[in-house]
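If you want the building blocks of each chain, they are given just below.
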Amino acid sequence: DVHSINVTSASDNLHDISMLLGIVAIQEHSMSPAVALGVEKELRAHNRRLFASPAARGAKYSAGVAAVIPSRTPSLPHIPRTQAFTRAQAQGRCIAVQLVLAKHFSFRLYAAYGYTGGAMSGEAAAQTSRLVRAIRNENQAGGNPPYMLAIDLNARTSDIQAIQDI
């Protein structure tokens, strides 16, 4: 199972998150490094691992993007290959994890958080579109493996040109 959830607070919803079977992509409104550490510790007690975006440079919070993976699922953090993806990850807007689900099958999970107000603001929609393009370009730079994008667009799909281009 793969779940994608948007929560106001990962720590307040920790019990529900830890009970979900399979892989969980999380988009939170703001997650401090201290909260991320607390969530990670609690998830380890439930045999789960947390891959969380870093806090944006100069900010107290990340955009709150994370992936929760069962401990038994082989997984590797993704090493960015493109400048656009590296910038988006440094801003806490996205994260990628390579997952191995079977002997001959792996895929890359991207969790991302679009810019607020994309349905009402052309600039926010354009920023989210650039984020989606950065993820697609990153995946292509990494050999174009199968991937899944779990994203809170903060807009309608019709507002995001890069989604239309997929």
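Before reading further, recall that the structure is shown in the block above.
Keep in mind it's a predicted model, so treat the numbers as computed, not measured. (Residues numbered from 1 in each chain as written. Predicted model: local features only at pLDDT ≥ 70, side-chain atom pairs only at ≥ 80, totals over all residues. Heavy atoms only, no water.)

Engineer: How do you make sense of the overall build of the protein chain when you look at a structure like this?
Structural biologist: Assigned secondary structure in the protein chain consists of five helices and eight strands. Secondary structure elements of the protein chain occur, N-terminal to C-terminal, as β-α-β-α-β-β-β-α-β-β-α-β-α. Projected onto its principal axes, the C-alpha positions of the protein chain cover 45 × 35 × 25 Å. Out of the 166 residues in the protein chain, the part that is buried amounts to 46%. Of the contacts formed within the protein chain by residues at least 6 apart in sequence, a portion of 59% connects residues at least 24 apart. Working note: accessible area of the protein chain is about 8500 Å², and carbon and sulfur atoms make up 53% of it. Both charge centroids of the protein chain, one from 16 positive and one from 11 negative side chains, sit 9 Å from each other. (Helix = DSSP H or I, 4+ residues; strand = E, 2+ residues; numbered from the N terminus. Buried < 20%, exposed > 50% of the residue type's maximum accessible area, 1.4 Å probe, protein only. Contact = heavy atoms within 4.5 Å. Areas by Shrake-Rupley, 256 points an atom, 1.4 Å probe, with all protein chains shown as cover. Lys, Arg positive; Asp, Glu negative; His and termini not counted. Charge placed at Lys NZ, Arg CZ, Asp CG, Glu CD.)

Engineer: When you look at the packing of helix 3 (residues 83-90) against helix 4 (residues 122-141) in this model, what are you seeing that I'm missing?
Structural biologist: Between two packed helices, both the angle of their axes relative to each other and the distance between the axes serve to describe the pair. One way to put it is that helix 3 packs onto helix 4 with a least axis distance of 8 Å and a crossing angle of 125°. The angle between helix 3 and helix 4 falls in the class oblique. Handedness of the crossing formed by helix 3 with helix 4: left-handed. Side by side, helix 3 and helix 4 meet where Ala 84, Phe 85 and Ala 88 of the first sit next to Leu 131, Ala 134, Ile 135 and Glu 138 of the second. Here the residues of the contact of helix 3 with helix 4 are counted per class, giving six nonpolar, no polar and one charged. (Axes fitted to C-alpha atoms, helices over the stretch in contact; angles between N-to-C directions. Parallel < 35°, antiparallel > 145°, perpendicular 65-115°, else oblique. Left-handed = near helix turned anticlockwise from the far one by under 90°. Nonpolar A, V, L, I, M, F, W, Y, C, P; charged D, E, K, R; others polar.)

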